Amino acid sequence: MGRRWRRLAAEVSKFSLVGGLATLVSFVLFNALLHGAWVVDPVLGDRPYSSYVLANTIGMLVSYSGTKRWVFRHRQAPGADGGFLAYAGINVVTMVLPMACLWFSRSVLGLSDPVADNISANVIGLSAGFVARFYLFRTYVFNSPVQRASTVPAAIIAEPTGPSTAAPARRTGSSGEAR
């Protein structure tokens, strides 16, 4: 496997881990807000979409932090905001997929129990958006590899191409005059 493919595999693996953590945060918050998470009374028990958006906004902040600092730390994000606005915009757009699945489950199929909500939004919907988000983040947000300055002088790196035909350099004194 070439270096490029190894780096891509590492990015996908790290992105999956960060996404998994963000999904766990979103999952717990969504269920706590909408269903009470079997521990507390549901705060937004009659608002499944608001619960989903709020929980996933918190999850997005976790995801952005991990993605910027770990997954794509070797890539540069454009803009003074470190790519946050583009990242948030992509998350908002791709949130349509799980929201549509949640709507379909509740409005068309008439399912509103915790299992149906989680399968529709957090399994089917998030899976559909995973590949799209990875591609969009890598292509539009963290799109430029960071250029690291070399600590080795260019003269050492350059390979000689043969005997030099250039005239020897003239030595100068401290005042810049030729000796």
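Everything numeric in this text was worked out from a predicted model, so none of it was measured.

1. Brief notes about the overall build of the chain
Then, in step 1: Helix and strand counts for the chain stand at 6 helices and 2 strands.
Then, in step 2: Secondary structure elements of the chain occur, N-terminal to C-terminal, as α-α-β-α-α-α-β-α.
Then, in step 3: Within the structure as shown, the chain displays about 11,700 Å² of accessible surface, and the carbon and sulfur contribution to it stands at 64%.

2. Brief notes about the packing of aromatic side chains
Then, in step 1: For the structure shown, the criterion picks out 10 aromatic pairs.
Then, in step 2: With centroids separated by 5.2 Å and ring planes inclined at 65 degrees, the aromatic side chains of Phe15 and Phe134 adopt a geometry described as edge-to-face. Remark: Phe134 occurs in helix 5 (residues 114–141) and Phe15 occurs in helix 1 (residues 3–35); sequence separation between them is 119 residues. Here the two residues Phe15 and Phe134 agree in accessibility, since each one is buried.
Then, in step 3: These aromatic residues form a ring-pair network of at least three members: Phe15, Tyr64, Phe72, Phe84, Tyr87, Phe130, Phe134, Phe137 and Phe142.

3. A word on the confidence of the model for the chain
Then, in step 1: Summing up the model confidence of the chain, the mean pLDDT is 80 and the portion of residues at 70 or higher is 78%.
Then, in step 2: Between the elements of the chain, mean pLDDT differs from a low of 49, seen in helix 6 (residues 154–157), to a high of 92, seen in helix 4 (residues 96–108).

4. Describing a nonpolar patch on the surface
Then, in step 1: Residues Trp103, Phe104, Val108, Leu109 and Leu111 make up a contiguous nonpolar surface patch of about 470 Å² in total accessible area.
Then, in step 2: Locating Val108 in the fold gives a position in helix 4.
Then, in step 3: Exposure remark for Val108: the relative accessible area of 46% places this residue in the partly exposed category.

5. Thoughts on the pattern of salt bridges
Then, in step 1: Scanning the entire structure with this criterion turns up 2 salt bridges.
Then, in step 2: Taking the shortest distance from any N to any O, the salt bridge between Arg138 and Glu11 comes out at 2.4 Å. Remark: Glu11 occurs in helix 1 and Arg138 occurs in helix 5; sequence separation between them is 127 residues.
Then, in step 3: Note that Asp117 is salt-bridged to Arg106, the shortest N-O span being 2.8 Å. With Asp117 in helix 5 and Arg106 in helix 4, this residue pair connects regions lying 11 residues apart in the sequence.

6. Comments concerning helix 4
Then, in step 1: Helix length check: helix 4 (13 residues) gives 17 Å between terminal C-alpha atoms against 18 Å at 1.5 Å per residue, within 8%.
Then, in step 2: Turning to helix 4, its buried residues number three or more, namely Pro98, Met99, Leu102 and Ser105. Projection of helix 4 onto a plane perpendicular to its axis shows the buried side chains occupying an angular sector of 130 degrees, all on one side.
Then, in step 3: Close packing links the buried residues of helix 4 with helix 1, helix 2 (48–71), helix 3 (84–94) and helix 5.
Then, in step 4: Two residues or fewer past helix 4, Gly110 is found with a positive phi of approximately 70 degrees.

7. Let's talk about the packing of helix 3 against helix 4
Then, in step 1: Relative orientation of the contacting elements helix 3 and helix 4 amounts to 25 degrees, with a least axis distance of 5 Å. The pairing of helix 3 with helix 4 is recorded here as roughly parallel in orientation. Listed contacts from helix 4 to Val92, Val93 and Thr94 of helix 3 are Val96, Leu97 and Pro98.
Then, in step 2: When its residues are assigned to classes, the contact of helix 3 with helix 4 shows 5 nonpolar, 1 polar and no charged.

Quick notes on the rules
Residues numbered from 1 in each chain as written. Predicted model: local features only at pLDDT ≥ 70, side-chain atom pairs only at ≥ 80, totals over all residues. Heavy atoms only, no water. Helix = DSSP H or I, 4+ residues; strand = E, 2+ residues; numbered from the N terminus. Areas by Shrake-Rupley, 256 points an atom, 1.4 Å probe, with all protein chains shown as cover. Phe/Tyr/Trp six-rings, centres within 6.5 Å; stacked < 30°, edge-to-face > 60°. Buried < 20%, exposed > 50% of the residue type's maximum accessible area, 1.4 Å probe, protein only. pLDDT = per-residue confidence, 0-100. Patch = residues over 30% accessible without salt bridge, like charges linked within 9 Å, V, L, I, M, F, W, Y side chains within 5 Å. Salt bridge = Lys/Arg side-chain N within 4 Å of Asp/Glu carboxyl O. Expected span 1.5 Å × (residues − 1). Arc of directions from axis to C-beta. Contact = heavy atoms within 4.5 Å. Axes fitted to C-alpha atoms, helices over the stretch in contact; angles between N-to-C directions. Parallel < 35°, antiparallel > 145°, perpendicular 65-115°, else oblique. Nonpolar A, V, L, I, M, F, W, Y, C, P; charged D, E, K, R; others polar.

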